[in-house]
Amino acid sequence: MKKEEGFSKKMSYRRSDRLQDKYADDHKRHIQSVITSAPDKALLITVAFLVIIGFLAIFSASAPKCLEEGGNPAQFLFKQLICFVVGFIGLKFFTNYDYKKLADWNMIFAGVIIVLLILVDFTPLGVTVNGAKRWINIIGFQLQPSEFAKPAVVLMLATALRKDADLFDQTKWMSAFIPIIIMLGLIFTQPNLSMVILLLTTSVVMFLSAGGSLKLFFSCLGAGIFSIIVAATTIIKPYQMQRITTWQHPELDPQGAGYNIIQSLIAFASGGLTGVGYGGSIQKLSYLPECHTDFIFAIIAEEMGWVGCVLIIGLFWTLIHRGFIIASRCPDMFGKLLAVGITFSIGFQAFLNISVASSFFPTTGVPLPFISYGGSSLIVSLCMIGILLNISKKRIKKIRNVENV
């Protein structure tokens, strides 16, 4: 009887020890559990302000042109609203779709983009506007596949660099680097040099964010500068060189190549501190071409003045700030790289557009995200923000230790 009682007590102790060990293990796992929080509200509010300002600016800048052509003054605004609805659906979808699952779709997505770029460059489906063949006409709708290359490149690089930043891994070349090079080559032939610069700069930032070698970076930078010098004398087309010359001395051809820059600077000068008032721009009355797309920031500067410019720059700065905070808080490298790539891509594109409008950089065909007229740009930008909002929902929850309970 005593032996049986001793055996029973021993088994009871072992059972109790196992339960305690199980509780401790569960507790340890619970400490590192990932919970889902609400999306970043500051980022969402910032994007909402940018989109609303874009609607107002597009209507103001495009209405005189529409009236001159005998059309509806809100024609461009209605088209932008339709694209916003599509983009908002994409934003909602990607906000709720786990970003980690996006890695399973990167090759398919990249393949579709490459096919679309080939159709643009080498088939009658490609549409040429102002000497550049960048759009594709499908069932009456025009898309710009190079805009969709931005999330494709970010997604492929985040997948390839999430474990390490080894550029000499054969698997990475086959799964990411070669498709990206193909996309860059097809975009360059359109020609769309500004988008190539944007994608290359984003790739470099993501490589360094993944812990890439600075020595290798500076070596590639030197090779890149040498390549640019060679390209300037052999590959770059005459009109692209003319843009650089015109940027430096627009007064040499005020009625030709330097016309856009001069008119844009006049808009900035006319705006002054507080602007001439909404709808009061003079430069949009056939003086400044493409004022609802590439040079929309100049019209905003004229109507809203220095105050309006600071407001928009502040909104983009807030977007960049929130994006990098989201990247720093993300618990996995794939999400960090996605957040960095998306944030930098949107922020650097805004910087390029604002710099061109203010004659800080030579003229390029890069739209101002969320604000310039362009369905492809708006849809892609909203979808990228949706991914960023999804990343912002991930947090690490820490619970008090068992001994303190």
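Above this text is the structure in question.
Residues numbered from 1 in each chain as written. Predicted model: local features only at pLDDT ≥ 70, side-chain atom pairs only at ≥ 80, totals over all residues. Heavy atoms only, no water.

### Observations regarding the sheet that holds strand β2 (residues 126-129)
By way of backbone hydrogen bonds, the strands of a sheet pair with one another, either parallel or antiparallel. The test is simple: At least two DSSP bridges between two strands are needed for those strands to be called paired. Only DSSP runs of H or I with at least four residues qualify as helices, and only runs of E with at least two residues qualify as strands; both kinds are numbered from the N terminus onward. To define axes, lines are fitted to C-alpha atoms, for helices over the stretch in contact only, and angles between the resulting N-to-C directions are given on a 0 to 180 degree scale.
Across the sheet, three strands lie side by side as β2-β3-β4; this open sheet has antiparallel pairing. In the strand order of this sheet, the two ends are held by β2 and β4 (141-143), each with one partner. On average, adjacent strands in this sheet sit at an angle of 45° to one another, irrespective of strand direction. Both strand β3 (residues 132-138) and β4 contribute to a ladder of three bridges, which runs antiparallel. Considered in β4, the bridge of isoleucine 136 is made with leucine 143.

### Some remarks on unusual backbone geometry
In this structure, proline 191 follows glutamine 190 across a cis peptide bond, with omega equal to -5°. Within the secondary structure, proline 191 sits in the loop between α6 (170-188) and α7 (193-209). In the Ramachandran plot, serine 359 falls in the positive-phi region, its phi being about 65° despite a non-glycine side chain. Tracing the backbone shows serine 359 in the loop between α12 (333-357) and α13 (375-392).

### Section: the environment of phenylalanine 141
For the record, the criterion: When accessible area is computed with a 1.4 Å probe and restricted to protein chains, residues below 20% of their type maximum are described as buried, those above 50% as exposed, and intermediate ones as partly exposed.
Examined against the element boundaries, phenylalanine 141 turns out to sit in strand β4. Given the relative accessible area of 60%, phenylalanine 141 is considered exposed. Each C-alpha atom of the pair phenylalanine 141 and glycine 375 lies 9.8 Å from the other, and the pair is 234 residues apart in sequence.

### Some words on the pairing of β3
Walk down a regular strand and you will see the side chains alternate between the two sheet faces. With four bridges connecting them, β2 and β3 associate as antiparallel partners. Bridging across to β3, valine 129 finds its partner in alanine 132.

### Digging into the packing of helix α2 (residues 41-68) against α13
Which entries qualify depends on this criterion: Orientation labels follow simple angle bins: below 35 degrees gives roughly parallel, above 145 gives roughly antiparallel, 65 to 115 gives roughly perpendicular, and whatever is left gives oblique. Should the near helix be turned counterclockwise from the far one by less than a right angle, the crossing is left-handed, whereas a clockwise turn marks it as right-handed. Note on contacts: a residue pair is in contact if any heavy atoms of the two residues lie within 4.5 Å. Lys, Arg, Asp and Glu make up the charged group, whereas Ala, Val, Leu, Ile, Met, Phe, Trp, Tyr, Cys and Pro make up the nonpolar group; the residues left over, Gly among them, are polar.
The interhelical angle for the contact between α2 and α13, taken along N-to-C directions, is 170°, at an axis separation of 11 Å. What the angle tells us is that α2 and α13 run roughly antiparallel. The way α2 lies across α13 gives a crossing that is left-handed. Contacts between α2 and α13 involve Leu43, Leu44, Val47 and Val51 from the former and Leu382, Ile385, Leu388 and Leu389 from the latter. Considered class by class, the residues forming the contact of α2 with α13 number eight nonpolar, no polar and no charged.

### Description of the pattern of salt bridges
Rules: Each reported salt bridge corresponds to a side-chain nitrogen of Lys or Arg within 4 Å of a carboxyl oxygen of Asp or Glu.
Going through the model one piece at a time under the given rule, you end up with three salt bridges. As a salt-bridge pair, lysine 150 and glutamate 147 come within 2.8 Å of each other at their nearest N and O atoms. With lysine 150 and glutamate 147 both in helix α5 (residues 145-161) and three residues apart, this pair spans about one turn of that helix. The same class applies to lysine 150 as to glutamate 147, namely buried. In this structure, glutamate 303 and lysine 284 form a salt bridge, with 3.2 Å as the shortest nitrogen-oxygen distance. You can see glutamate 303 sitting in helix α11 (residues 296-329) and its partner lysine 284 sitting in the loop between α10 (259-271) and α11, a full 19 residues away along the chain. Both residues of the pair, glutamate 303 and lysine 284, count as buried.

### Observations regarding α12
Spelled out, the test is: The span one expects for a helix is its residue count, reduced by one, times 1.5 Å. Polar contact is the term for a pair of N or O atoms within 3.5 Å; when the atoms are in protein, one must be able to donate a hydrogen and the other to accept it, and sequence-neighboring residues count only if both atoms are side-chain atoms.
Over its 25 residues, α12 runs 36 Å from end to end, which matches the ideal 36 Å to within 8%, given 1.5 Å per residue. Within α12, 22 of the 25 residues are buried, which leaves it mostly tucked inside the rest of the structure. At the N-terminal end of α12, a side-chain oxygen is found 3.4 Å from the backbone nitrogen of phenylalanine 334, two or three residues along, and the residue is aspartate 332. Taken from the residues just after α12, serine 359 is the one with a positive phi, measuring 65°.

### So, the packing of helix α4 (residues 106-122) against α6
Running from amino to carboxyl end, α4 crosses α6 at an angle of 20°, the nearest separation of the two axes being 10 Å. With respect to their mutual orientation, α4 and α6 come out roughly parallel. Seen along the crossing, α4 lies across α6 with a hand that is left-handed. Here α4 contributes Met107, Ala110, Ile113, Ile114, Leu117, Ile118, Asp121 and Phe122 to the contact with α6, which in turn contributes Met174, Ser175, Pro179, Ile182, Met183, Leu186 and Ile187. Among the residues making up the contact of α4 with α6, the classes are represented as 13 nonpolar, one polar and one charged.

### Remarks on the environment of phenylalanine 351
Relative to the helices and strands, phenylalanine 351 resides in helix α12. Setting aside its immediate chain neighbours within four residues, phenylalanine 351 contacts Phe360 and Phe361.

### Here we look at the packing of aromatic side chains
Aromatic ring pairs: the centre-centre distance and the angle between the two ring planes describe each pair. Which entries qualify depends on this criterion: Note on aromatic contacts: the rings of Phe and Tyr and the six-membered ring of Trp form a pair at centre separations within 6.5 Å, being stacked when their planes are under 30 degrees apart, edge-to-face when over 60 apart, and tilted otherwise.
Scanning the entire structure with this criterion turns up nine aromatic pairs. Both rings, one in phenylalanine 84 and one in phenylalanine 88, keep their centres 5.9 Å apart while their planes meet at 35°; by these two values the pair is tilted. Within this pair, phenylalanine 84 and its partner phenylalanine 88 are both found in helix α3 (residues 75-96), separated by four residues, close to a single helical turn. In this structure phenylalanine 84 comes out as partly exposed when scored by relative accessible area, which is 24%.

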